[in-house]
Amino acid sequence: MRISELSEISGVSAATIKYYTRENLLPAGERTGYNQTEYGRVHVDRLRLIRALIEVGGLSVSAARDVLRAIDDDGMPLPHVFGIAQHALPQRETPARPESIARVRAEADARGWHTAPENPGLELAAGVLDAYEALGRNDLWSTLGAYAGAAEQVAAADLDALDSSGSRAAMAETVVVGTVLGDTLFAGLRRLAQEAETARRYSMSTQETTT
């Protein structure tokens, strides 16, 4: 197909397709003549993945390039792909307090989690505890265990999806998509669950909670 057809099918403008190609996110099409390039199904699929990572997952172009390279590298072990996907997500700019890091680490250790010291989740979780401290809401620290328990269930679901992916390429894509988009999925479901649980506990109808 020509670039105009690729643009129509994928919903990505021709200019953006060319930009993604220049930035090495999208493989170049096949030259078939002067100023003529042909594209195939692989380009449609890759463009949909790129859009998911950038528009839904919130990755920068540079971060998306890193995770796409990890997907394409058949020699890269899947644990390394996980690490690249995690570090591609937005990170905290201000380091968390050592006390908060220690509290999160203690919860992880109590659950038998064996993780690398540089796992970005440690700083992210500790940063939330810092925010509770700044707000004078140390009482909210008590939710850490419940959140950790929910995280274990979500992680198990992530790995279940990975086990059913099939080929290495499909597994690597599952790692990236699950890691990057999973945060957004969980946030959306949590908002729904919060409304439902609030209505259940306080005998409020759905209509009353939205008016």
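Up top you'll find the structure we're talking about.
Rules and cut-offs
- Residues numbered from 1 in each chain as written.
- Predicted model: local features only at pLDDT ≥ 70, side-chain atom pairs only at ≥ 80, totals over all residues.
- Heavy atoms only, no water.
- Phe/Tyr/Trp six-rings, centres within 6.5 Å; stacked < 30°, edge-to-face > 60°.
- Buried < 20%, exposed > 50% of the residue type's maximum accessible area, 1.4 Å probe, protein only.
- Axes fitted to C-alpha atoms, helices over the stretch in contact; angles between N-to-C directions.
- Helix = DSSP H or I, 4+ residues; strand = E, 2+ residues; numbered from the N terminus.
- Parallel < 35°, antiparallel > 145°, perpendicular 65-115°, else oblique.
- Contact = heavy atoms within 4.5 Å.
- Arc of directions from axis to C-beta.
- Salt bridge = Lys/Arg side-chain N within 4 Å of Asp/Glu carboxyl O.
- Patch = residues over 30% accessible without salt bridge, like charges linked within 9 Å, V, L, I, M, F, W, Y side chains within 5 Å.
- Areas by Shrake-Rupley, 256 points an atom, 1.4 Å probe, with all protein chains shown as cover.
- Polar contact = N/O pair within 3.5 Å; in protein donor to acceptor, adjacent residues only side chain to side chain.
- Core = buried A, V, L, I, M, F, W, Y, C linked by side-chain atoms within 4.5 Å.

A. Focus on the packing of aromatic side chains. The tally for this structure, following the rule as stated, stands at one aromatic pair. Ring plane angle 45° and centroid distance 6.0 Å describe the contact between Tyr19 and Tyr20, whose orientation is recorded as tilted. The exposure class of Tyr19 is partly exposed, given its relative accessible area of 31%. Overall, the relative accessible area of 8% leaves Tyr20 in the buried class.

B. Spatial organisation of the packing of helix α1 (residues 3-10) against helix α2 (residues 14-22). Direction vectors running N to C along α1 and α2 enclose 100°, while the axes themselves pass 9 Å from each other. In this view, α1 runs roughly perpendicular relative to α2, as classed from their interaxial angle. Between α1, through Ile3, Leu6, Ser7 and Ser10, and α2, the contact on the second element is made entirely by Ala14, Ile17 and Lys18.

C. Expanded view of the side chain of Ser100. Its location among the elements puts Ser100 in helix α6 (residues 98-110). Take Ser100: its relative accessible area is 2%, and that puts it in the buried class. Apart from residues lying up to four places away in sequence, Ser100 is in contact with Ala126, Leu129 and Asp130.

D. Just α1, in detail. Among all positions in α1, only Leu6, Ser7 and Ser10 are buried. An end-on view of α1 places all buried positions within 100° of arc, on one side of the element. The elements touched by buried residues of α1 are α2 and α3 (41-56). Immediately downstream of α1, the backbone of Gly11 shows phi near 80°, a positive value.

E. Layout of the pattern of salt bridges. In total, this model carries 14 salt bridges according to the counting rule given. Between Asp72 and Arg46 there is a salt bridge, and its shortest N-O distance comes to 2.7 Å. Residue Asp72 is found in helix α4 (residues 61-72), and its partner Arg46 is found in helix α3; the two are separated by 26 residues along the sequence. Residue Asp72 is classed as partly exposed on the basis of its relative accessible area of 46%. Between Glu133 and Arg97 there is a salt bridge; the shortest N-O distance is 3.9 Å. Of this pair, Glu133 sits in helix α7 (residues 120-134) while Arg97 sits in the loop between α5 (78-88) and α6, and the two are 36 residues apart along the sequence. Relative accessible area serves as the criterion here: at 34%, Glu133 is assigned to the partly exposed category.

F. Geometry of a nonpolar patch on the surface. A cluster of nonpolar side chains, contributed by Leu185, Leu189 and Leu192, occupies part of the molecular surface with about 320 Å² of accessible area. Within the secondary structure, Leu189 is located in helix α9 (residues 168-202).

G. View of the side chain of Arg65. Turning to its location among the elements, Arg65 is positioned in helix α4. Taking relative accessible area as the criterion, Arg65 reaches 15% and is therefore assigned buried. Of note is the side chain of Arg65, whose polar atom sits 2.6 Å from the side chain of Glu23.

H. Spatial organisation of α5. Considered for burial, the residues of α5 that qualify are Leu78, Val81, Ala85 and Ala88. One side of α5 holds all its buried residues, which, seen down the axis, span an arc of 75°. Lining the buried residues of α5 we find α4, α8 (144-163) and α9.

I. Up close: the environment of Glu93. Here Glu93 is to be found in the loop between α5 and α6. Each C-alpha atom, one on Glu93 and one on Ile54, is 20 Å from the other, the two residues being 39 residues apart in sequence.

J. Seen up close, the nonpolar core. One finds Leu53, Leu59 and Val176 to be the most contacted residues of the largest nonpolar core, which totals 32 residues. Elements that contribute at least two residues to this core include exactly α2, α3, α4, α5 and α9. Those residues within four positions of Leu53 in sequence are excluded, and the remaining contacts are Gly58, Leu59, Val67, Leu68, Val176 and Val180. If you look at the next biggest cluster of nonpolar residues, it comprises eight residues, including Ala96, Val104, Leu129 and Leu144.

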